[in-house]
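# An overview of the molecular structure
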Amino acid sequence: MSNFDQIVERIKKLSVDEKEELHLLLEKCLIEARRDEIRTNFEESKVEYKKGKAKFTSSIKDLKKFSVIITCEFCLLVLNTQF
């Protein structure tokens with residue numbers, strides 16, 4: 001049994017109160033991790049912008065074009081992924 005499986009089995013044996021406390025703790029950890037990820041992405045974007053490799057815009061036309069590019073790249077990634 002893997003370490004993760006052992007953890008899951010131990011969680012199943014916790015009381016409802018303990019599970020709720022664990023749930024709240026995990027939510028807080030996920031929020032902090034996401035906040036750190038956003039901060040890292042922001043710092044990387046600032047560096048790219050200073051190098052002239054990133055462009056910030058509020059133009060709806062530009063944002064829609066960027067959205068299509070991301071969507072196409074994601075579709076290609078999915079199509080090239082072996083399941």
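Up top is the structure.
Along each chain, the written sequence defines residue order, and numbers are assigned to residues from 1. Whole-chain, interface and lining totals are the exception, using all residues; otherwise, since this is a predicted model, local features are given only for residues with pLDDT of at least 70 and side-chain atom pairs are given and counted only at 80 or more. Where side-chain values are given, they derive from all heavy atoms of the structure, hydrogens and water being excluded.

## Observations regarding the overall build of the protein
As a reminder of what qualifies: Counting from the N terminus, the helices are DSSP H or I runs at least four residues long and the strands are E runs at least two residues long. Each residue is placed in one exposure class: buried if its accessible area under a 1.4 Å probe, protein chains only, is under 20% of its type's maximum, exposed if it is over 50%, and partly exposed if it falls in between. Per-residue and other accessible areas were derived by the Shrake-Rupley procedure at a 1.4 Å probe size, with only the shown protein chains allowed to occlude residues.
Counting its regular elements, the protein contains 3 helices and 0 strands. Put simply, the protein has 83 residues, and 0% of those count as buried. Summed over all atoms, the accessible surface of the protein reaches about 8,200 Å², with 61% contributed by carbon and sulfur.

## Some remarks on the pattern of salt bridges
Put simply, the test is: A pairing counts as a salt bridge when a side-chain nitrogen of Lys or Arg comes within 4 Å of a carboxyl oxygen of Asp or Glu.
Under the criterion given, the structure shown has 4 salt bridges. Notably, a salt bridge pairs Lys12 with Glu9, separated by 3.5 Å at the nearest N-O pair. Pair noted here: Lys12 and Glu9 are both in helix H1 (residues 3-12), with a separation of 3 residues, about one helical turn. Residue Lys12 is classed as exposed on the basis of its relative accessible area, which comes to 53%.

## As for helix H2 (residues 16-50)
Selection rule: In a helix, the anticipated span is given by 1.5 Å times the number of residues less one.
Between its first and last C-alpha atoms H2 spans 51 Å; for 35 residues at 1.5 Å apiece the expected length is 51 Å, and the two agree. Of the residues trailing H2, Gly52 is marked for its positive phi of about 80 degrees.

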